[in-house]
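Structure at a glance
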Amino acid sequence: GLPAPALVLVGHCIDLVDRALPFGPVVQVLRTMHRVLDEPALREIVEPARDELGALVPELHAPSAQGLDSSALFEQLLGVFERLARHVPTLLVFEDLHWADSATRNLFVFLARTLRDAPLVLMGTYRSDDLHRRHPLRPMLAELERSGRVERLEVQRFDRDEMRELIAAIVGDEPTPDVVERTYERSDGNAFFAEELLASGTALSDTLPPTLRDIILARIDALTDDAQHMLRCAAVIGRSADHRLLSATAGLDPPTFAAVAREAIAAQILVTAGDAMEYRFRHALVREAVEDDLLPGDRVALHTRVAELLAEHPDWFDGGPAQISAELACHWDAARDVPRALEWALAAARSAEQMYAYGDALAHVERALALWPHVPDAATRFGTSHVELMRYAAAQAEMSGSTDRALHYVQAALAEVDAAEDPVVAGLLHERYGRYLWMLGKPWPEILDHCDTGVRLVPAEPPTEARAKVLATLGQQLMLAGRSGEAIAACEDAIRVAQAAGALAIEGHARNSLGTALAGANRIDEGLDELHRARALALETRSWVDVARAAVNEGGALQTLGRHEEVLALSLEGAELARAHGLDRAFGVFLRLNAAETLWLLGRWDELEEQLRYVESLDSVGIDLWRLAELRCLVAAGRQQLDAARRELARFGDLRRRSGSPHDPLSLDRALVFTAAAEGDLEAAFRMALDGVHSPVERATLCTDAVLSVLVDGAAAGATLAARAAEQGNRADGILAEVAELAAALDAWVANQRWGGARPGDLEAIRAHVAAELARARGDSSGDAWSEVAARWAAFGLRPREAYAQWRAAEAYVHDADRLRAEDAVRRAYTVAADVGWIAVRDGAASLARRARLDLGVDDAAPAPAPAERYGLTPREVDVLALIAEGRTNRQIADALFISTKTASVHVSNILAKLGAANRGEAAAAA
């Protein structure tokens, strides 16, 4: 059922009077697959995507009624091509990209960036001469070149040997040297020019017209009148034409039509397309030259004829509803029948929307807006108004990612609406106005002012879907602005109205915002109940965006409670659901990064890296891109891969600052503190932690894990600095005071967070941890206190923090001479840290065990550093040498290694002898 050994699929972009067919080449490729694959193969390869692909090729399946965005179609097409390529190596070619519509260009970039392991080659061709300075293909080509994932091949002019091979292939015989030379000279090595010269039979003549257009038209003029007429009809139809459509347009009887078709084919002007019963111009330039040569009256008459025939026989055109509508809109436009051009432009917009080609829908509706003033009775004729058309244009602009244009259309529509006469429409426009301002990152007062205006304008009675919508948007924006109390009231009002109006999707959206606001106001159980109901309604109404949004918000609420395993399961489930419905990039990536963050906390770093690899394969943008760099930085630092950590930290910082996003503002501080600590620069880590938690701007945000990590890691760095100062006999009052500031900052953060009082479920564990660090800084560390901290973290499943606390517990037990508990704690710390991959804690536990002579229960836990072998130093002497390098006295060395001062003195003497050092200074220099 599959061709072998390879399959070539070619789709052509089609020019439609300065506009293009949405997904034109994809439709051709899918139809070819439908012809060449048998039913079992077709079912296996296409079945998972039939719903979405039915919008492009109806014979595959009935089009889906879901309102997914274009990413759904892209994901499904990617799956189809990957499944096909796994069966047979495939070459996928998009011809004439210079005519590609925006949807096709976006799809081509998507495939170029995401196709990785499948045995499939993606190729695109275009005419560089057609790329004017502002041609939309130029930025696409630049983007692909920057990605480093494509190879650009420029077809160079032929040399004489290549020209000889070309001529031989065309004429079927070895050409004479004279023909080769003259053809090469006249064509200047251009293969197309050479082919046209040879086909015209004037390669050796000096009488050829000076331009290619004249050459082409000379060939056309050599044909019979009927053949020329048929070619003019074909040129009006397009690059290719169905046999029935071309025959009917030409109006020739069957024998005559067959004769002129053979004549055009023999002259190599037309070619047949296999068994598809269609004719195609051998070169697009031929079709352009023929159409340009039409007289204005002939052009109008022929476009009218083609439009009439297509309207009567849509099956004569190889495309779905969107393609036929676009074709009719272009033909009626060229025929100067403005009312019909407007009618079909509107139809083309709606059809493109249904197949998720929102950029093309926007282009069609913008054309309709341009035609609107020329149809005086347009509102009556089409049952809509100019304002409604602008609202529709705004919606298509929003869905295609052009938020600024969406806002422009809303502003223009508001200028035409009298709020007193049509308050509902005015209110809905203000609702969109507020939403688009939020999407563009504008200030809250302006956003909320438009949302309030929308609520004020749309009447409260009777309850309507419009009223529910403006209330739901107001509630969402209040929730996002941190005004939880007002958000709860607005969302509850929206739910009541939506229920009365029977607007289930809006009710689900409002419950989603309500649940998030309730959770933020420390009404966690109520918030979770609402989020569960929001998910159920979203599933019932097949509102996949709200399903994914509910997973994000519900996960956030569960994270607050410290229910990390549930967060992980919900995030991964939501990510898979988003992937299945084409929302991988819109929501799936964000959910996977949420899952990765949870895996970081749980200490499942190998699984975390698997999620990051998947996210990376999707070429993330915006917040997802910097969150990816952030998590890569944290994992690299934790694994002591410091060069990689620094690279990712620099990338993260740059992306974070450029994004200007308010999301989790202390995330950069967390990465800076953690990386500095991993590098051993505890002073920098401590100072950055203090700067972060004392920032007046950042104090107004959520008490997120990034905030809490800065507090915990900063306190750890400060406590270690204080302990070291004490060991060296220095006063540490200043550091102690600053560690105490961090401890006090914890309660300040919880009290001042902007959501109105939600407290972390693991707050007591955090408080106990910071208190234990403060005690350690004072030299009063308690093994029992640290063991309690470890138990608290273990209860939440946070294994990295558990391992750290066990390490500190072991350290404290050693100081208290409780070797049994110390050994148990250090073994736990080492085992968990090694399993997680947190090298600093693993090595810290191993170093403690070596210095205190504790048995870790493993053979290779603490290998001696390589330099020790060179000088014959024992592992214990290596530890002593490190302390000498820090300037420690013998007593301080003894305290650090839990040995007597006399034993420390003996070790120092042995080290000086082995190194050949005259004094401690030379030994320190050697170290």
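In case you missed it, the structure is sitting above this.
Here we summarise the structure given alongside this text. (Residues numbered from 1 in each chain as written. Predicted model: local features only at pLDDT ≥ 70, side-chain atom pairs only at ≥ 80, totals over all residues. Heavy atoms only, no water.)

1. Some remarks on the packing of aromatic side chains
Quick note on the threshold: Aromatic pairs are defined between Phe, Tyr and Trp rings, using the six-membered ring for Trp, whenever the two ring centres lie within 6.5 Å; interplanar angles under 30 degrees are classed as stacked, those over 60 as edge-to-face, and all others as tilted. Counting from the N terminus, the helices are the DSSP runs of H or I reaching at least four residues and the strands are the DSSP runs of E reaching at least two. The rule is simple: take the accessible area with a 1.4 Å probe, protein chains only, and divide by the maximum for that residue type; under 20% is buried, over 50% is exposed, in between is partly exposed. A ring is considered to have a charge above it if a Lys NZ or an Arg CZ atom is located within 6 Å of its centre and within 35 degrees of its normal.
Inspection of every chain in the model, using the stated rule, returns 11 aromatic pairs. Measuring from ring centre to ring centre gives 6.3 Å for Phe-23 and Phe-74, while their planes differ by 90°; the resulting arrangement is edge-to-face. Here Phe-23 is found in the loop between strand 3 (19-20) and helix 1 (24-36), whereas its partner Phe-74 is found in helix 4 (residues 70-87), with 51 residues between them in sequence. Judged by its relative accessible area of 0%, Phe-23 is buried. Using a relative accessible area of 9% as the deciding quantity, one classes Phe-74 as buried. Feature note: the residues Trp-600, Trp-605, Phe-674, Trp-786, Tyr-804, Trp-807 and Trp-838 constitute an aromatic cluster, connected by ring pairs. Just above the ring of Phe-590 sits the side chain of Arg-627; from NZ or CZ to the centre is 4.6 Å. Above the face of the Trp-793 ring, Arg-801 is positioned so that its terminal group lies 4.9 Å from the ring centre.

2. Focus: empty space enclosed by the protein
To find leftover empty space, one rolls a probe the size of a water molecule over the atoms. Defined as follows: In this analysis the probe radius is 1.4 Å and the grid spacing 1 Å, with only protein atoms considered; a cavity is a set of points the probe fits into but cannot get out of, a pocket is an open set with protein on both sides within 12 Å along at least five of seven lines, and lining residues have an atom within 4 Å of a point. Grid points are joined across faces, edges and corners, and a volume is the space filled by probe spheres set on the points.
Within this structure, the stated rule accounts for three cavities of 30 Å³ or more. The volume enclosed by the largest cavity comes to roughly 50 Å³. Leu-217, Ile-220, Asp-221, Gln-228, Arg-232, Val-290 and Asp-293 together form the lining of the largest cavity. The set of elements that each furnish at least two residues to the lining of the largest cavity consists of helix 10 (212-221) and helix 11 (225-237). Per element, the largest residue contribution to the lining of the largest cavity is three residues, and it comes from helix 10.

3. As for the pairing of strand 5 (residues 120-124)
In summary, the side chains of a regular strand alternate between the two faces of the sheet. Here is the rule: For two strands to be treated as a pair, DSSP must find at least two bridges joining them. Clockwise travel from the first strand over the helix to the second, with the strands pointing away from the viewer, marks a crossover as right-handed.
As judged from the five bridges shared by strand 4 (residues 90-95) and strand 5, these two strands associate in the parallel manner. If you follow Val-93 over to strand 5, its bridge partner there is Met-123. Once the chain exits strand 4 it traverses helix 5 (residues 102-114) before rejoining the sheet at strand 5, and the crossover so formed is right-handed.

4. Side note on the pattern of salt bridges
Pairing of side chains with opposite charge becomes possible as their charged atoms draw close. For the record, the criterion: For salt bridges, the criterion is a side-chain nitrogen of Lys or Arg within 4 Å of an Asp or Glu carboxyl oxygen.
All chains considered together, the criterion is met by 51 salt bridges. Across the pair Asp-546 and Arg-549 runs a salt bridge, and its minimum N-O distance is 3.7 Å. Residue Asp-546 and its partner Arg-549 are located together in helix 28 (residues 544-561), separated by three residues, close to a single helical turn. The pair formed by Asp-546 and Arg-549 is uniform in burial state, with each residue classed as buried. When salt bridges that share partners are traced, they join Glu-398, Glu-431, Arg-432 and Arg-435 into one network.

5. Description of the sheet that holds strand 8 (residues 278-281)
Our working rule: In this analysis an axis means a line fitted to C-alpha atoms, helices contributing only their contacting stretch, and an angle means the value between N-to-C directions, from 0 to 180 degrees. Residue contacts are defined here by distance: any two heavy atoms, one from each residue, within 4.5 Å place the two residues in contact.
Read from one edge of the open sheet, three strands run 6-8-7, paired in antiparallel fashion. Since the sheet does not close on itself, it has two edges, and those belong to strand 6 (240-242) and strand 7 (270-272), each with one partner. Along the sheet, successive strands turn relative to each other by an average axial angle of 25°, direction set aside. Relative to strand 8, strand 6 runs antiparallel, the two being bridged by three bridges. Along strand 8, the bridge assignment pairs Ser-240 with Arg-280. In this fold helix 11 packs onto strand 6, strand 7 and strand 8, with an angle of close to 85° to the strand it touches most, strand 8.

6. Describing the nonpolar core
Formally: Residues belong to a common nonpolar core when they are buried Ala, Val, Leu, Ile, Met, Phe, Trp, Tyr or Cys residues joined through side-chain atoms within 4.5 Å.
Core analysis: the biggest nonpolar cluster contains 103 residues, and Met-230, Leu-231, Leu-246, Phe-281, Leu-342 and Leu-429 have the highest contact counts within it. Other than its neighbours up to four places away in sequence, Leu-429 contacts Val-387, Arg-391, Val-410, Ala-413, Leu-414 and Val-417. In this structure, Trp-600, Leu-612, Ala-637 and Trp-838 belong to the second largest nonpolar core, which totals 97 residues.

7. Let's talk about the sheet that holds strand 5
Pairing in this open sheet of three strands is parallel, and the strands run 1-4-5 from one edge to the other. This sheet does not close on itself; its edge strands, each paired only once, are strand 1 (7-12) and strand 5. The sheet shows a mean angle of 15° between the axes of neighbouring strands, direction not considered.

8. Let's talk about the packing of helix 39 (residues 783-795) against helix 40 (residues 799-815)
When two helices pack together, their arrangement is given by the angle between the helix axes and by the axis-to-axis distance. Our working rule: What sets the label is the angle itself: under 35 degrees gives roughly parallel, over 145 gives roughly antiparallel, 65 to 115 gives roughly perpendicular, and the rest give oblique. A clockwise turn of the near helix away from the far one marks a right-handed crossing, whereas an anticlockwise turn of less than a right angle marks a left-handed crossing. Polarity classes work like this: nonpolar for Ala, Val, Leu, Ile, Met, Phe, Trp, Tyr, Cys and Pro, charged for Asp, Glu, Lys and Arg, and polar for all others, with Gly in that last group.
Running from N to C, helix 39 and helix 40 cross one another at 165°; their axes reach a closest spacing of 8 Å. With respect to each other, helix 39 and helix 40 are oriented roughly antiparallel. Note that helix 39 runs across helix 40; the crossing there is left-handed. For the pair formed by helix 39 and helix 40, the contact residues are Gly-783, Asp-784, Trp-786, Ser-787, Val-789, Ala-790, Trp-793 and Ala-794 on the first element and Arg-801, Glu-802, Tyr-804, Ala-805, Gln-806, Arg-808, Ala-809, Ala-812 and Tyr-813 on the second. When grouped by side-chain class, the residues that make up the contact of helix 39 with helix 40 number 10 nonpolar, three polar and four charged.

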